[in-house]
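Chain by chain, the residues run as shown.
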Amino acid sequence: MTTDFTSLNLREELVQAITGLGYSEPTPIQSAIIPIMLSGADVIGQAQTGTGKTAAFALPILRNLTPQRYVQALILAPTRELALQVADSMIVYGKHLGVRILAVYGGQPYGPQISRLNRGVDVVVGTPGRLLDLIERNALNTKHVRTLVLDEADEMLNMGFMEDVEKILSETPSERQTALFSATMPPRIRSLANRFMRDPQHVNIKRDTLTLASTEQRYYLVHETDKTNALTRLFEIEPIKSALIFARTRAETATLANELVIRGIPAESIHGDMDQKARQPVLNPFRSNQLKVLV
Ligand code: AMP
């Protein structure tokens, strides 16, 4: 299915923001989920990270926001990193809409989170424990929530968050729209969906649509201490013209890029802390093949 974003009935401000990011057409999960969410129906999306699932739920939520005094959408994520990533994406997508997005997670002082909530927030993205704390302290009013998203539900299950998730669901209006995303659908997630969702539509993005058929995939098991050497060796034996390397943390991106440079492989790193202006001097040479490796 090829559609473009303009046919998805999103607001002009949103289309402008995503076009600015270089998204030219919706990914399969976006083409499937956006119309369902805009229709108001509940939806279960079985998809991994990397499929574009964040925009699949974020764009319809933003499309239907009207800044008002109450929290209108709640997004539950298993980790601080994911909560921040989702909130950051929503801020970028919603930059022309004047919406207020807040990320909350454990380990942070309550004060600033509570005062932001008091000043008015449209969308809260958070980890279940902290969200529940804020609800129980009467700092987060869930009575006007129209859409609730469970992102990476199976991860929240693995991390022991299910009871908190259920309590939060019970604290929101029963007529809310619920969207659940999970890479896998263990029985506990299915029963959660049965109890808390109304006639959900299912969207399943299969593995083979995650990457292009022309992409060959391989993995190597190596000791932590041998990783850089193994990687360097790959660059020596394979005719690699251009490479994109993903690392888990911001610090690792910089360390790895440095190690490669020391070994004579031109590399630069980018990460979430860099704004668009700081990314361009790295991205442009990479695009034009003047820079071989982007970490
Ligand atoms: P996600 O699966 O939500 O973590 O998204 C994976 C990556 O794909 C993110 O870096 C997004 O910025 C990017 N992305 C999402 N939607 C699109 C799109 N329609 N076109 C190009 N990139 C996209």
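Treat the numbers as computed from the prediction; the structure is a model and nothing was measured.

(A) The pairing of strand 4 (residues 123-126), seen in detail. Residues of strand 4 alternate between two faces, with Val123 and Val125 on one and Val124 and Gly126 on the opposite face, all of them buried. In this structure, strand 2 (residues 73-76) lies alongside strand 4, joined through 4 bridges in parallel fashion. Among the inter-strand pairings, Ile75 is bridged to a residue of strand 4, identified as Val125. In this structure, strand 3 (residues 101-104) lies alongside strand 4, joined through 4 bridges in parallel fashion. Of the residues in strand 4, the one forming a bridge with Val104 is Gly126. Regarding topology, helix 5 (residues 110-119) serves as the crossover connection from strand 3 to the parallel strand 4, and that connection is right-handed.

(B) The arrangement of the sheet that holds strand 4 in detail. Judged by pairing direction, the sheet is parallel, and its 7 strands sit side by side in the order 3-4-2-5-6-1-7 without closing on themselves. Each end of this open sheet is capped by a strand with a single partner; those strands are strand 3 and strand 7 (201-204). Averaged over all pairs of adjacent strands, the angle between strand axes in this sheet comes to 15°, irrespective of strand direction. Where helix 8 (residues 162-171) meets the sheet, its contacts fall on strand 2, strand 5 (147-150) and strand 6 (177-182), and the angle it forms with strand 5 comes to roughly 170°.

(C) Quick look at the nonpolar core. Phe57, Leu59, Ile61, Leu62, Ile75, Met90 and Val123 are the most contacted members of the largest nonpolar core, which has 42 residues in total. When contributions to this core are tallied by element, the ones reaching two or more residues are helix 1 (12-20), helix 2 (28-39), helix 3 (53-63), strand 2, helix 4 (80-93), strand 3, strand 4 and strand 6. No other element matches helix 3, which puts 7 residues into this core. In contact with Met90, other than residues within four places in its own chain, are Ala58, Ile61, Leu62, Ile75, Ile101 and Val123. Counting residues in each nonpolar core, the second largest holds 32 residues, with Ile44, Val71, Leu117 and Leu134 among its members.

(D) Focus on the environment of Leu62. Of note, Leu62 is situated in helix 3. With 60 residues separating them along the chain, Leu62 and Asp122 place their C-alpha atoms 9.4 Å apart. Residue contacts for Leu62: discarding those within four places in its chain leaves Arg11, Leu14, Met90, Tyr93, Gly94, Leu97, Val99 and Ile101.

(E) Seen up close, the sheet that holds strand 8 (residues 243-244). The strand order across the open sheet formed by 3 strands is 8-10-9, and the pairing between neighbours is parallel. For this open sheet the edge positions go to strand 8 and strand 9 (267-268), each flanked by a neighbour on one side alone.

(F) Spatial organisation of the side chain of Lys53. Along the polypeptide, Lys53 turns up in helix 3. On the accessibility criterion, Lys53 (4% relative accessible area) is buried. Polar side-chain contacts of Lys53 include one of 3.4 Å to the side chain of Glu152. Other than its neighbours up to four places away in sequence, Lys53 contacts Ile29, Ala47, Gln48, Asp151, Glu152 and Phe181.

Conventions adopted
- Residues numbered from 1 in each chain as written.
- Predicted model: local features only at pLDDT ≥ 70, side-chain atom pairs only at ≥ 80, totals over all residues.
- Heavy atoms only, no water.
- Buried < 20%, exposed > 50% of the residue type's maximum accessible area, 1.4 Å probe, protein only.
- Helix = DSSP H or I, 4+ residues; strand = E, 2+ residues; numbered from the N terminus.
- Pairing = 2+ DSSP bridges.
- Right-handed = clockwise from strand over helix to strand, strands pointing away.
- Axes fitted to C-alpha atoms, helices over the stretch in contact; angles between N-to-C directions.
- Contact = heavy atoms within 4.5 Å.
- Core = buried A, V, L, I, M, F, W, Y, C linked by side-chain atoms within 4.5 Å.
- Polar contact = N/O pair within 3.5 Å; in protein donor to acceptor, adjacent residues only side chain to side chain.

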